[in-house]
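Examining the three-dimensional arrangement
Letter by letter, the chains look like this.
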Amino acid sequence: MVAEFRGPPPHDLGLAEIATAQCVSENIEMTLHVVDDWHRPTPQIVRVKITSSAARSLLDQLTGAVAVAEAGAPE
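Read on for an overview of the structure.

Cut-offs and rules
- Residues numbered from 1 in each chain as written.
- Predicted model: local features only at pLDDT ≥ 70, side-chain atom pairs only at ≥ 80, totals over all residues.
- Heavy atoms only, no water.
- Pairing = 2+ DSSP bridges.
- Helix = DSSP H or I, 4+ residues; strand = E, 2+ residues; numbered from the N terminus.
- Axes fitted to C-alpha atoms, helices over the stretch in contact; angles between N-to-C directions.
- Contact = heavy atoms within 4.5 Å.

Structural notes on the sheet that holds strand E2 (residues 27–34)
Read across the sheet, 3 strands follow the order E1-E2-E3 without closing on themselves; strand pairing throughout is antiparallel. The sheet is open, and its two borders are formed by strand E1 (16–24) and strand E3 (44–50), each paired with just one other strand. Neighbour to neighbour, the strand axes of the sheet diverge by 20 degrees on average, direction disregarded. Where E1 and E2 come together, 8 bridges link them in antiparallel fashion. Its bridge partner lying in E2, Cys23 is registered against Ile28. Relative to E3, helix H1 (residues 52–71) is tilted by about 115 degrees, and along the sheet it contacts E2 and E3.

Pasting the structure below:
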């Protein structure tokens, strides 16, 4: 599969309803079920493999972002 993004980044893929992660061959595989009501009636599945160090960094950022979101503070 090839995804072609047009225009400057970032490219918004939409809201993920479900997110999972698992270890695959010493990397972390994240799977997102992305809602795209405008184009498709069912969520699209996006899978990305990242290194364990990138996953650790993402974990730290997600922890902080969740705390802010749960506190109801603006971005």
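Structure's up, so let's keep going.
Thoughts on the pairing of E2
The hairpin formed by E1 and E2 contains 2 residues between the paired strands, and Ser25 there has a positive phi angle of roughly 50 degrees. Judged from the 7 bridges that link them, E2 and E3 form a sheet pairing that is antiparallel. Bridge pairing in E3 links Leu32 to Val46.

Some thoughts on the side chain of Thr31
Within the secondary structure, Thr31 is located in strand E2. Beyond its immediate chain neighbours, meaning those up to four positions away, Thr31 contacts Ile18, Ala19, Thr20, Ile45, Val46 and Arg47.

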